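Below are the chains, spelled out letter by letter.
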Amino acid sequence: MRFVTGYRDRSKATVLAGAIAGLCEPGRHYKLMEVCGGHTHTIYKHGLEHYLPEAVELVHGPGCPVCVIPMGRVDDAISIARQPDVTLACFGDMVRVPGGKGSFLDAKAAGADVRVVYSPMDALKLAIDEPDRRVVFVAIGFETTAPSTALTVLRAQADHIRNFSVFCNHVTIIPPLKAILDANDVDIDGFIGPGHVSTVVGCRPYLPIAADYGKPLVVSGFEPLDVLQSVYMVMRQLAERRAEVENQYGRVVNWEGNTTAVAVMEQTMEPRPHFEWRGLGSIPFSALKLRPHLAEHDAEELFDIPGVRVADPRACQCGQVLRGQIRPWECRVFGKACTPEKPIGTCMVSSEGACAAYYNFGRLVTPHARPPRARSAAPS
Amino acid sequence: MTSRTRPVRRARELSGAVTLSHGSGGKATHALVETVFLEAFHNPALAALNDGAVLKVAGKDLAFTTDSFVVSPIFFPGGCLGDLAVNGTVNDLAACGAQPLALSAGFVIEEGFPLTELARVVQAMASAARYVGVSVVTGDTKVVEHGKGDGCYVNTSGIGLVDRRATGLSAAAACPGDQDIVSGYIGDHGTAVLLARGELGISAEIASDTAPLNGLVAALLDCVGPKVHALRDATRGGVATVLNEVALASGAAVVLAEDALPVRSEVFGVCEMLGIDPLYVACEGRMVAVVDGDCTDDALRVMRAHPMGRNSAVIGEVRREPVGLVLENTGFGGSRVVDMLVGDPLPRIC
């Protein structure tokens, strides 16, 4: 229990809040992007913005693995699920994500065999237990979940489980961050860096964010005091005119990451030349596919897949939310046409999605309900 | 103040097909009830949308309720399908302020279901009914082909006599100044069943809280009488969902204190690991009582003195605004909205 309650201590939060306020330069507005959907969830679930001065604005980044899945890939997975003898296995977050023609839940209601699993190994077990079914695991997530998919595929290959395959949608964290910075349409002062991704990739891959773009990045844990301390650490760098990669989540993340996990990922997966991100468009070398020697377990090789690009609904502004350009309630359909029970955009689906987190937890009570749209001061 | 998004009642809810979300007890279930059932069956007793209907019969208030029970696995730590089927209906009656008079039991059994297991379920029902002091006086059995059911489903209906001090009980009767009391630890049942499925590889000593609450309600009414404004049996959708029902029906707000929520450390740990909020996890032996603020201490004392309410706690209060919403003051010092459940609570991916 102390690993949870110890990181939710109100008195320590008050001290940190005072320290953060003390670092604000008069007249300056700070925009910090929390990359991870898990951070967004924490911020709203615990009411963390209550501790931040008005000058510090948190904007949400592209790190919710469900939110960045484009509609076309959902349709592709459903088309696989409709083929004979197929069992589609996926994480629970995915079942309500809308494609162009409905969600996995709709497909299940229409007769497709869709099952929620808790890990790729559970999907492999399904394939072993039900040898007459063709079990396809819908793999999603950043480098956090990719190694477990990789290990499962290797196990399937070693054990000759021929009725198991993976529909690979794994993505990588650095390309979207660079894409957001290259687009130069959001004045981000610094990043609350992803925690769980960094357990795998470590801290080194973020160095260009600091060195080339001049933005501080602090790898952060997911408890409210973790996030608040990370805000403090970014603010301290800004005050000291530094731009470095720092690790707040030292109890879990080490600088070099998990080299074994990275090695198994590289052994099984290779970068795709292009991958369509929900709302962000096509980003080169930002996603992973299975390597050719694993083709017998690659659903994209085994099944006819339409592969049709489906444009995001025009009303949906998920892309701008994922780039930090607008906050959830500024989207024109937020809370009206788009709600968690009838989501239009993916950000309203997963509990880590910025819109769902704000809709579920934050409505009415966020202190900066209409934050000033002032631009940041000149880069330090 | 931003206006609240009310449950959708438009016809677009009728498009498509029934999905598992419609059975979660949350928003989709409410939308289904409102758009399909309420519309078709419209009548004053149903429209109150309480846990049971209250009918005037020969000058007395008769409570009538029905519930169907589907659980996997059928046997789990702390109970089984049979206990749930009796206690669930007894508790729906109790939430109407009624003591049970008689129950019915309907069984839908899948071909191939072991007779020994059926007997265990039925014995558990008999034992639970004996404990409450109610009889199962009528029933029905149907058998469906193998593969057309999930072992065994049970429906129970119950009638009960409403305590004369409880005739005003309704979620709509909650008013500003009232206090919300829950009769014990929350989330035990849902967590116990989730772990009993064995899919998560987590082991913990957590048992279902399935229990009859008619005695607890009688003791509460003996003590504070009509100062109990609303009772809700927190089952599917958890405490959060029933409090949302109270907020919506009464047009008031419910404000919870996270620090006050009684959650066992084991349940808290499992929920934290899975990214699930205990407020949304099912209970099967927990009553949420909304009582006049003047009598909170008395109500809490009598509930804690009862064997089914030893861990009762005041978890929040009813306020005037924001209309129709449940808020929580977080232990961390912030505040957040506690919305009605959307779909089933599912573990997060990372």
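Residues numbered from 1 in each chain as written. Chains lettered and ligands numbered in written order. Predicted model: local features only at pLDDT ≥ 70, side-chain atom pairs only at ≥ 80, totals over all residues. Heavy atoms only, no water.

## Focus: the overall build of chain B
Put simply, the rule is: Here a helix means four or more residues in a row that DSSP labels H or I, a strand means two or more in a row labelled E, and each is numbered from the N terminus. Throughout, radius of gyration means the C-alpha value; the globule benchmark is 2.2 Å times the number of residues raised to the power 0.38. Only protein chains enter the accessibility calculation, which uses a 1.4 Å probe; a residue whose area is less than 20% of its type maximum is buried, one above 50% is exposed, and one in between is partly exposed. Two residues form a contact once any of their heavy atoms are found within 4.5 Å. Surface exposure here means Shrake-Rupley accessible area, sampled with a 1.4 Å probe, where a residue is shielded only by the protein chains that are shown. We treat Lys and Arg as the positive residues and Asp and Glu as the negative residues; His and chain ends play no part in the count. Here the site of a charge means atom NZ of a Lys, CZ of an Arg, CG of an Asp or CD of a Glu.
Counting its secondary structure elements, chain B contains nine helices and 14 strands. Relative to the compact-globule value of 20 Å for 350 residues, chain B shows a C-alpha radius of gyration of 19 Å, a close match. Each of the three principal axes of chain B carries a C-alpha extent, and together these read 60 × 55 × 45 Å. Split into buried and exposed, the 350 residues of chain B put 57% on the buried side. Across chain B, every contact between residues at least 6 apart in sequence was considered, and the portion connecting residues at least 24 apart equals 84%. For chain B, the computed accessible surface area is about 14500 Å², with 54% contributed by carbon and sulfur atoms. Taking the 27 positively charged and 39 negatively charged side chains of chain B as two groups, their mean positions are separated by 4 Å.

## A closer look at the sheet that holds strand S7 (residues 152-162) of chain B
All names here are of chain B. For the record, the criterion: At least two bridges found by DSSP between two strands is the condition for calling them paired. What counts as an axis is a line fitted to C-alpha atoms, over the stretch in contact for a helix, and the angles between N-to-C directions run from 0 to 180 degrees.
Strand order in the open sheet made by the five strands is S1-S2-S7-S5-S6, with mixed pairing throughout. Of all the strands in the sheet, the pair left with one neighbour each is strand S1 (53-57) and strand S6 (135-144). Across this sheet, the average inter-strand angle for adjacent strands is 20 degrees, counted without regard to direction. In the packing of helix H4 (residues 115-132) onto the sheet, contacts are made with strand S5 (98-110) and S7, and the angle to S5 comes to roughly 175 degrees.

## Describing the domain arrangement of chain A
All names here are of chain A. For the record, the criterion: Boundaries of every domain are those given by an automatic assignment or by a domain database. Two parts placed together each lose some accessible area under a 1.4 Å probe, and the buried area is that loss summed for both. Think of a salt bridge as a Lys or Arg side-chain nitrogen and an Asp or Glu carboxyl oxygen that are within 4 Å of each other. Any pair of nitrogen or oxygen atoms within 3.5 Å is treated as a polar contact; in protein, a donor-acceptor pairing is required on top of that, and neighbouring residues in sequence qualify only through side-chain atoms on both sides. Residue type decides the class: Asp, Glu, Lys and Arg count as charged, Ala, Val, Leu, Ile, Met, Phe, Trp, Tyr, Cys and Pro as nonpolar, and the leftover types, Gly among them, as polar.
One can read the domain layout of chain A as domain 1 (2-64 + 182-251 + 320-362) and domain 2 (71-172 + 256-302). The gap between the C-alpha centroids of domain 1 and domain 2 is 28 Å. Listed by partner, the interface residues are 20 residues for domain 1 and 17 residues for domain 2. Roughly 1500 Å² is buried in total at the junction of domain 1 and domain 2, and carbon and sulfur atoms are behind 61% of that figure. Of all residues in domain 1, Val200, Thr346 and Val349 bury the most surface against domain 2, accounting for 34% of the area lost on that side. Connecting domain 1 to domain 2 are one salt bridge. Inspection of the domain 1/domain 2 interface yields four residue pairs in polar contact (both at pLDDT 80 or more). Elements represented by at least two residues in the side of domain 1 that touches domain 2 include exactly strand S2 (56-63) and helix H9 (196-201). No other element matches H9, which puts six residues into the side of domain 1 that touches domain 2. Taken together, the residues of the side of domain 1 that touches domain 2 break down into 10 nonpolar, eight polar and two charged.

## Overview of the packing of helix H7 (residues 146-158) of chain A against helix H12 (residues 259-268) of chain A
Residues and elements named next belong to chain A. Selection criterion: Angles are sorted into four bins: roughly parallel if under 35 degrees, roughly antiparallel if over 145, roughly perpendicular if 65 to 115, and oblique for all others. With the far helix as reference, a near helix turned anticlockwise by less than a right angle produces a left-handed crossing, and one turned clockwise produces a right-handed crossing.
Running from amino to carboxyl end, H7 crosses H12 at an angle of 60 degrees, the nearest separation of the two axes being 9 Å. Viewed along their axes, H7 and H12 adopt a mutual orientation that is oblique. Judged by the twist between their axes, the crossing of H7 over H12 is left-handed. In this structure, H7 uses Ala146, Pro147, Ala150, Leu151 and Leu154 to contact H12, whose residues at the interface are Ala261, Val264, Met265, Gln267 and Thr268. Of the residues that constitute the contact of H7 with H12, the class distribution is eight nonpolar, two polar and no charged.

## Observations concerning the domain arrangement of chain B
Residues and elements named next belong to chain B. Structurally, chain B comprises domain 1 (53-162) and domain 2 (171-337). Here the C-alpha centre of domain 2 lies 23 Å away from the C-alpha centre of domain 1. On the domain 2 side, the residues contacting the 21 residues of domain 1 number 23 residues. When the two sides are added together, the surface that domain 1 and domain 2 hide from each other amounts to roughly 1600 Å², 60% of it contributed by carbon and sulfur. Applying the counting rule to domain 1 against domain 2 returns zero salt bridges. Applying the counting criterion to the domain 1 and domain 2 interface returns seven residue pairs in polar contact (both at pLDDT 80 or more). Going through the elements one at a time, helix H3 (81-95), S5 and H4 are the ones with two or more residues in the side of domain 1 that touches domain 2. Considering each element in turn, the side of domain 1 that touches domain 2 owes the most residues, nine residues, to H3.

## Describing the state of the cysteines
Note the threshold: Any cysteine sulfur atom paired with another within 2.5 Å is treated as part of a disulfide.
What the rule picks out here adds up to one disulfide over all chains. Each sulfur of the disulfide joining Cys64(A) and Cys67(A) lies 2.5 Å from the other. Here the S-S torsion is close to 70 degrees, and the disulfide linking Cys64(A) with Cys67(A) is therefore right-handed. Taken individually, Cys64(A) and Cys67(A) each receive the classification buried, so the pair is uniform in this respect. The closest cysteine sulfur to the non-disulfide-bonded Cys223(B) is located on Cys295(B), 7.5 Å from its own sulfur. When its relative accessible area of 5% is taken as the criterion, Cys295(B) is described as buried.

## Focus: the interface of chain B and chain A
The interface is formed by 42 residues belonging to chain B together with 51 residues belonging to chain A. Both faces combined, the contact of chain B with chain A buries some 3800 Å², and carbon together with sulfur accounts for 60% of it. Put simply, chain B and chain A have two salt bridges between them. In this structure, Asp259(B) and Arg10(A) form a salt bridge, with 3.3 Å as the shortest nitrogen-oxygen distance. There are seven residue pairs in polar contact (both at pLDDT 80 or more) connecting chain B and chain A. When contributions to the side of chain B that touches chain A are tallied by element, the ones reaching two or more residues are helix H8 (265-274) and strand S14 (335-337) of chain B. Among the residues forming the side of chain B that touches chain A, the class breakdown is 19 nonpolar, 11 polar and 12 charged.

## Regarding the pattern of salt bridges
Residue and element names in this part refer to chain A. Per the stated rule, a full pass over the model turns up 35 salt bridges over all chains. In this structure, the salt-bridge partner of Glu296 is Arg162, at a minimum N-O distance of 3.2 Å. A residue pair is termed long-range when its members are at least 10 positions apart, and Glu296 in the loop between strand S13 (288-290) and helix H13 (299-302) and Arg162 in the loop between H7 and strand S6 (164-170) qualify at 134 residues. Residue classification places Glu296 among the partly exposed residues on the basis of a relative accessible area of 33%. A relative accessible area of 56% means that Arg162 is categorised as exposed.

## Concerning H4(B)
Residues and elements named next belong to chain B. Applicable threshold: For a helix, the expected span equals 1.5 Å multiplied by the residue count minus one. Think of it as the arc spanned by the lines of direction from the helix axis to the C-beta atoms.
Compared with the 26 Å implied by 1.5 Å per residue over 18 residues, the 26 Å span of H4 between its first and last C-alpha is a close match. Those residues of H4 that sit buried are Leu118, Val121, Ala124, Met125, Ala128, Ala129 and Val132. The buried residues of H4 occupy an angular sector of 130 degrees when projected down its axis, which confines them to one face. Turned more than 90 degrees away from the buried face of H4 sit Leu115, Thr116, Gln123, Arg130 and Tyr131, all of them exposed. The inward-facing, buried residues of H4 contact strand S3 (75-76), strand S4 (79-80), H3, S5, S7 and helix H6 (214-224).

## Remarks on the environment of Leu288(A)
All names here are of chain A. Tracing the backbone shows Leu288 in strand S13. Here the alpha-carbon distance between Leu288 and Phe275, two residues 13 residues apart in the chain, equals 8.7 Å. When sequence neighbours within four positions are dropped, the list of residues in contact with Leu288 reads Ala146, Cys168, His170, Thr172, Met269, Glu270, Pro271 and Arg272.

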